[in-house]
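Chain residues, written in single-letter form:
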Amino acid sequence: MLHTLSSRRLPSAPLLLLAWWALSLAQADPNATPTIQLRLAGDKRKHYEGRLEVYHSGEWGTVCDDDFTIYAARVACRELGYLDAEAWTPSAKYGQGQGRIWMDNVNCQGNEKSLALCNSNGLGVSDCKHSEDVGVVCTQKRMPGFKFVSNVGNNLEDVRIRATYSQRKRVPVTEGFVEVKDGGKWRQICSQDWTPLNSRVICGMYGFPGEKVCSGEGVRLPNRKNYWGFGVNCTGTEADLSDCKLGRQVELKGNGTCEQGMPVVISCVPGRAFAPTVSAGFRKAYRVEQPLVRLRGGAVIGEGRVEVLKNGLWGTVCDDNWDMKAATVVCRELGFGSAKEALTGARLGQGIGPVHMNEVQCSGFEKSLTECAFNSEATGCGHEEDAAVKCNIPAMGFNSRLRLSGGRNPYEGRVEVLAERNGSLTWGAVCSDSWGTMEAMVVCRQLGLGFADNAFQETWYWQGEPSAEAVVMSGVRCSGTELTLDQCLHHGKHLNCPKGGGRFAAGVSCTQAAPDLVLNAQAVEQTTYLEDRPMYALQCAQEEHCLSSSATGASSTSYRRLLRFSSQIHNNGRSDFRPRSGHQSWIWHECHRHYHSMEVFTHYDLFSLNGTKIAEGHKASFCLEDSHCEEGIQKKFECANFGAQGITTGCWDTYRHDIDCQWIDVTDVKPGDYIFQVVINPNFEVAESDYSNNIMKCRCRYDGNRIWMYNCHIGMIITLQTFFI
């Protein structure tokens with residue numbers, strides 16, 4: 001029985017799978033490559049070093065240092081998403097592991113795709129002790145765009161909240177009996193010795209940040225009581241019930257019932273965004289107070305890179321000592337449950353700006369990450385070490401009221417919503433008028449399908465459900481932050497959709513990875529200057545509307561004053577940035593003799609300090625290409641010879657200050673103080689994982705002859721005294 005295990009811990013999916021694994025191993029194909037997953041663990045400070053551990057058949061184990069070489073370390077590091085290995089360490093330098101020693105006498109050539117492909121004694125065959133556990137040190141640089149797929153989840157399949165009678169008909173079950181699976185059967189836990197700390201852990205597993213005392217109203221005891229023979233002892237900081245220790249053995253009556261208690265019933269408190277209302281079932285969008293912590297770059301609700309607000313600037317958190325306690329504090333602070341994963345090594349993309357916190361240490365009970373201790377003196381952390389989290393979120397039934405229909409795969413199709421019409425719920429289409437990327441982002445997030453890849457206003461090529469042809473939602477406008485489509489602004493009972501549904505119904509395609517464009521603010525600040533240029537040298541620029549209106553009819557001998565600067569645009573995301581339109585849709589401009597793959601790629605604006613636009617410019621993407629790339633990244637895109645356009649993950653495109661239209665025409669601007677602003681992808685034509693970093697603002701001073709650009713920052717700056725927002 002599981003309760004006799006010496007570890008004295010709660011049953012978990014890995015333990016329950018051991019018997020199945022032993023049986024299936026003998027029946028498995030001996031030539032098949034074993035499925036493994038790697039991680040770096042132990043007593044370490046950096047995410048790119050640690051004890052090498054292997055996950056196989058539901059259990060983490062270690063690797064023996066016998067015959068281990070730098071070639072094996074290279075294979076392991078690349079499998080973990082790093083560019084290479086720097087060193088390996090024998091004799092459990094990072095501490096001794098626990099459990100099985102999965103691999104021994106590992107012999108790699110160095111070019112294998114996985115450590116499982118290297119020669120060894122075979123998985124689980126070893127004569128080593130944990131004093132021989134091997135460690136590796138990888139390069140700090142990760143492979144840009146590396147997609148880490150984790151097969152290790154929490155143990156929700158072995159713990160459940162069975163709804164009380166009063167909640168049977170509700171979608172957000174927040175209250176119920178706690179049951180654990182033991183010996184293939186679901187068993188209740190006796191309330192003897194049960195504490196609120198235990199409830200806190202289970203509520204966190206189910207996506208709720210807090211717990212409350214259960215009133216007992218409406219609670220009906222299970223018809224058949226079948227108690228588990230042990231209590232539970234949690235400290236309240238665990239992310240999963242399987243991390244708690246077993247309590248003392250419970251005294252059961254002869255019929256298996258609990259002698260000194262009743263079945264445990266818990267009541268959880270949902271986060272504000274998930275809190276139901278009495279009438280409608282879910283809240284509409286509400287005005288969010290300025291948070292101190294936020295998540296960015298995540299593909300689904302409840303995951304992302306951790307960013308902290310300090311002194312008016314958003315910055316990131318270094319992953320040194322980043323652990324599940326700190327990650328859970330972040331998740332609960334944002335209204336989610338406990339953390340599923342504490343991610344290191346910028347696994348959800350690199351941030352920008354300062355690194356505000358390093359070596360974070362949380363007790364697990366802080367209300368905010370900003371209350372945790374951290375090393376304010378530590379330096380040396382770069383954005384390749386940005387910390388991230390994946391949080392447990394409540395099962396709110398979001399995807400039960402929205403679906404994609406007619407697509408070639410589950411990630412695309414016509415958008416259909418479940419709406420109330422004439423007193424009954426019916427599936428119908430969404431009007432495509434004003435339908436765009438932001439609306440598609442909300443749909444993909446609500447369905448758990450990641451980011452929007454495209455938003456479609458015509459879907460004649462996708463045959464939706466015939467019974468859902470009629471439009472049931474129109475006038476949809478989303479900010480992109482909503483959890484569900486019905487939280488977006490839309491028409492009420494009186495629909496307005498002149499085109500109707502059918503071929504003009506809204507559609508989307510979704511993707512698990514997206515690009516993320518970021519402008520190099522320092523490059524703008526360092527390359528700004530004024531140029532007086534004659535009109536006879538600006539004819540092509542005037543044809544492409546790169547000059548102010550006062551240039552119309554100007555003589556060829558007159559001059560225009562141009563504010564010039566360079567733009568260096570990096571793709572920090574997890575997939576390549578590609579123009580939405582294919583080659584066949586690009587527009588040829590004869591004067592400059594080039595194609596425009598995006599009619600407007602950037603906006604350049606000059607504002608007065610009170611927000612009035614003084615001058616503007618725009619840059620069509622006549623050449624989206626990889627000017628330079630990080631070490632180890634190959635260029636993919638080059639504009640020459642009508643080549644493919646885009647920006648590869650880990651590369652950047654540079655628009656030099658000396659090319660046409662890389663300016664603002666300031667001929668008519670008077671001397672004074674201004675705000676200079678650049679916006680990339682301003683029409684959201686191409687979906688990105690984060691639009692908040694697409695804007696750059698600088699202070700600008702012009703005396704009539706010279707210009708100064710200073711205090712350039714990416715994103716929305718909070719300090720109003722310094723910047724106009």
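Everything discussed here concerns the structure shown above.
These notes cover the structure that comes with them. All of these numbers come straight from a predicted model, not from anything done at the bench.

### Remarks on unusual backbone geometry
Point 1. Residues other than glycine seldom take positive phi values, yet Asp 193 does so here, at roughly 70°.
Point 2. Examined against the element boundaries, Asp 193 turns out to sit in the loop between β9 (185-188) and α4 (196-205).

### Details of the pattern of salt bridges
Point 1. Applying the stated criterion across every chain, the model contains 25 salt bridges.
Point 2. Lys 613 is paired through a salt bridge with Asp 605; the nearest N and O atoms lie 3.5 Å apart.
Point 3. The class of Asp 605 is buried, set by a relative accessible area of 5%.
Point 4. What you see here is one network of salt bridges that share partners, running through Arg 294, Arg 296, Arg 305, Glu 307 and Asp 690.

### Focus on the packing of aromatic side chains
Point 1. Applying the stated rule across the entire model yields 14 aromatic pairs.
Point 2. With 6.2 Å between their ring centres and 20° between their planes, Phe 274 and Phe 398 make a pair best called stacked. With a gap of 124 residues between them, Phe 274 in the loop between β13 (265-269) and β14 (293-296) and Phe 398 in the loop between β19 (388-391) and β20 (402-406) connect regions that are remote in the sequence.
Point 3. For Phe 274, a relative accessible area of 2% gives the class buried.
Point 4. For the ring pair Phe 565 and Phe 676, a centre distance of 5.0 Å and an interplane angle of 70° mean the geometry is edge-to-face. Within this pair, whereas Phe 565 is found in the loop between β28 (559-564) and β29 (567-571), its partner Phe 676 is found in strand β37 (residues 672-680), the two being separated by 111 residues in sequence. Phe 676 matches Phe 565 in its accessibility class, with the two residues each being buried.
Point 5. These aromatic residues form a ring-pair network of at least three members: Phe 456, Trp 460, Tyr 461 and Trp 462.
Point 6. Above the face of the Trp 102 ring, Arg 100 is positioned so that its terminal group lies 4.4 Å from the ring centre.

Conventions and cut-offs
- Residues numbered from 1 in each chain as written.
- Predicted model: local features only at pLDDT ≥ 70, side-chain atom pairs only at ≥ 80, totals over all residues.
- Heavy atoms only, no water.
- Helix = DSSP H or I, 4+ residues; strand = E, 2+ residues; numbered from the N terminus.
- Salt bridge = Lys/Arg side-chain N within 4 Å of Asp/Glu carboxyl O.
- Buried < 20%, exposed > 50% of the residue type's maximum accessible area, 1.4 Å probe, protein only.
- Phe/Tyr/Trp six-rings, centres within 6.5 Å; stacked < 30°, edge-to-face > 60°.
- Lys NZ or Arg CZ within 6 Å of the ring centre and 35° of its normal.

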